[in-house]
Structure formats: structure tokens, C-alpha cells
Amino acid sequence: MQHPPTRNSVYTESAEILEHNAYPADQYVIRLYAPQTAIHARPGSFVHLQCDSDLLMRRPMSIMRADAKAGWIDILYKIHGEGTRRLSRRKKGERLELLGPIGVPFKVENYRRYPLLIGGGVGIPPMVFLAEHIKKPGSHTKPLVLMGSEIPFPFNARPSQIIINGIPEGIIATMPLLEDWGIPCRLASLQEYPGCYEGYVTEFARHWLISLQPAQLRDIEIFSCGPTPMLKAVSKLAQDFDLPCQISVEEYMACAVGGCAGCAIEIHTSAGPAMKRVCVDGPVFEAASVYPYPNRLSAG
């Protein structure tokens, strides 16, 4: 039985920019020296980041990686408005104020042997963090990461050397970072990128799950983050194959500490519907509680 995740303390830090790299389609990866956040961050955690000193409103950003020893965190973001546009202009050595780590992370104390991680667009970062967390030295857990994007991926995809049974021939594009960690990964898109599955990442996941035997399916658990339509499709996928599924929900946030309740969503429980704040009660929820399956409601 999984135990409820523990909410970490939230820290205010003046984070120094260590690296800031641009990728196609207005995407950026920024590395920040934020030691308290790095120590306490867990897969699914996010930060509330100041993009510019002239902007009062901070922006919620998922953590893609965290190195507790070195004290840094990585954030992948895409320009989407004035705040992130100003953030993209910030230089190495400058400082940004942040709150972090925030939110209830993924529950990974007793996950199944073969976690299936599905990330779409800006939902890719939490899946990278989770994959790194799961695949520790000596671990017998074998995650598979599937990523989808309709804009160029924020890395230079390369052919994978890791064989994955059930994956169509020719689908070989992977994220180099995961490949270097020995974690199998494949990519999906409708943009005809070389080596990618042509279709939505959820269709790709369904294709792979269909190839498995019933005994293999019993070892699968789904984790996902991405845009709302994708999460609905992931939840339906979990329902169809009767698999446990945790999703990290995207929602607009003003305060990110539970004060304004502007990010509240309806969660379905065995006791009836309840309003939960994505920032502090989430962002991670059981998929069945956000998008309830017939006759299968979450207990909380």
C-alpha cells in the first residue's frame, strides 16, 4: 500500500543562474543554484519563479532535474507571454527569486516493476526527473519513457541502441540524456520527425500496451504530465488496461501556496466531489480522481 507523500517545507531563495541554453521553438533550459530547493525537490515538485524584478507575478515551473550535492535545479520552459519572454533574456550570473519546492510529488514508494512514463510538451520535465529518480544503481525497476511534442524537442534526438519489445521497427529516436542513463525512451509526433512514432504519444503508448501479455500488464503503472487533452487520453488508457495511473495536472497559479485558491479543480472521491488546490494538494493526483472511470472512484 502506498503511503501519502509528505509535503516538504517551501524555501525562498535567491537563485543564481549557472547556465541558460536556448533550443528551437523558443524553448530554454535554465540551471539555477538553489541548494535548499535542490535538496528537498522530488519528482513532480515545482518552483514559483520570478522572471523579472519588474514583474510582481511569479510563474510556476516544473523541475526537470535536481542535484542535491551540487545544489542546482534544471527547468525547461517555453516562451508563452511577457514573463517567460523576459526570463529568456536573463544571463548567467544573474539572480532570480524563487519559492520551492512546492506541491505533492509523485508517490513512488511502492510503484510497480515497469513504470510507463508519458510526457507531452512542457510535461516532459517531470518525467525526466521521475525517470532519474526511479532508475537508481541496483534498482530492478525498469521504466519506459514515451515523449510527445508537436514542436522540435528541446534536445538533439539520436538513434537509440536500447531494444524495446513491442515498439514498431524504425521508431528509434530517443532523448540522449535518458539513453546515457540506460533508460529506454522513444519519441512521438505528428510532424514527421525522423525516427519518431507518427501520431499522438498516447496512441503510441496504447500500441505498446496492446503488445504485452496479461502477466506483463500486471507489472505496469502509468505516470504522466502534459496538456489537459493528453492527460484525459492517458486516463482513458489507464482505464482501458486497468492500470494504476498518477498524473501531474497543469493549471494557472497566482500565489502557488494555496492562499488564492485560483487553481482549484474538482476531484472525485468515494465520498463525492471535493475542490482541491493544484498547487498544494497537487499537482499530482490519481488519474481516476480527476477523470473518474465508471464504477471506479478514487478513495481520496
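As the structure is a prediction and not an experimental result, all values here were calculated from the model.

Draft legend 1. Region of the structure containing the pattern of salt bridges. Summed over the entire model, instances satisfying the criterion amount to 12 salt bridges. Notably, a salt bridge pairs Arg86 with Asp54, separated by 4.0 Å at the nearest N-O pair. Of the two residues, Arg86 sits in helix α2 (residues 82-87) while Asp54 sits in the loop between β3 (46-49) and β4 (59-62), which places them 32 residues apart along the sequence. For Asp54, a relative accessible area of 60% gives the class exposed. For Lys107, the salt bridge is made with Glu286, and the minimal N-O distance between the two is 3.0 Å.

Draft legend 2. The sheet that holds strand β7 (residues 95-102), seen in detail. Across the sheet, 7 strands lie side by side as β4-β3-β7-β1-β2-β6-β5; this open sheet has antiparallel pairing. Each edge of the open sheet is held by one strand with a lone partner, namely β4 and β5 (65-67). When the angles between neighbouring strand axes are averaged without regard to direction, this sheet yields 35°. Helix-sheet contacts for helix α3 (residues 124-134) involve β4, β5 and β6 (72-78), and the interaxial angle to β5 is about 45°.

Draft legend 3. Inspection of unusual backbone geometry at higher detail. The omega angle of the peptide bond from Gly100 to Pro101 is -15°, so this bond is cis rather than trans. Omega for the bond connecting Gly282 with Pro283 falls within 30 degrees of zero, at 10°, which places this linkage in the cis form. Positioned with a positive phi, Ala25 is a non-glycine residue whose angle comes to about 65°. Relative to the helices and strands, Ala25 resides in the loop between β1 (11-23) and β2 (27-33).

The rules behind each value
- Here the residue numbers are simple positions, counted from 1 along each chain's written sequence.
- Local features in this predicted model are restricted to residues of pLDDT 70 or higher, and side-chain atom pairs are both shown and tallied only at a pLDDT of 80 or more, whereas totals for entire chains, interfaces and linings draw on every residue.
- Water and hydrogen atoms play no part in the side-chain values, which are based on all heavy atoms of the structure.
- In what follows, salt bridge is the name for a side-chain nitrogen of Lys or Arg lying within 4 Å of a carboxyl oxygen of Asp or Glu.
- Secondary structure elements are taken from DSSP: a helix is a run of H or I of four residues or more, a strand is a run of E of two residues or more, and numbering for both begins at the N terminus.
- In this scheme, a residue with accessible area under 20% of its type's maximum is buried, one over 50% is exposed, and one in between is partly exposed, where area comes from a 1.4 Å probe on protein chains only.
- For two strands to be treated as a pair, DSSP must find no fewer than two bridges joining them.
- Lines are fitted to the C-alpha atoms to define the axes, a helix being fitted only along its stretch in contact, and any angle between axes, read from their N-to-C directions, falls within 0 to 180 degrees.
- Any two residues whose heavy atoms approach within 4.5 Å are treated as being in contact.

Purely spatial values, then, with no claim about function.
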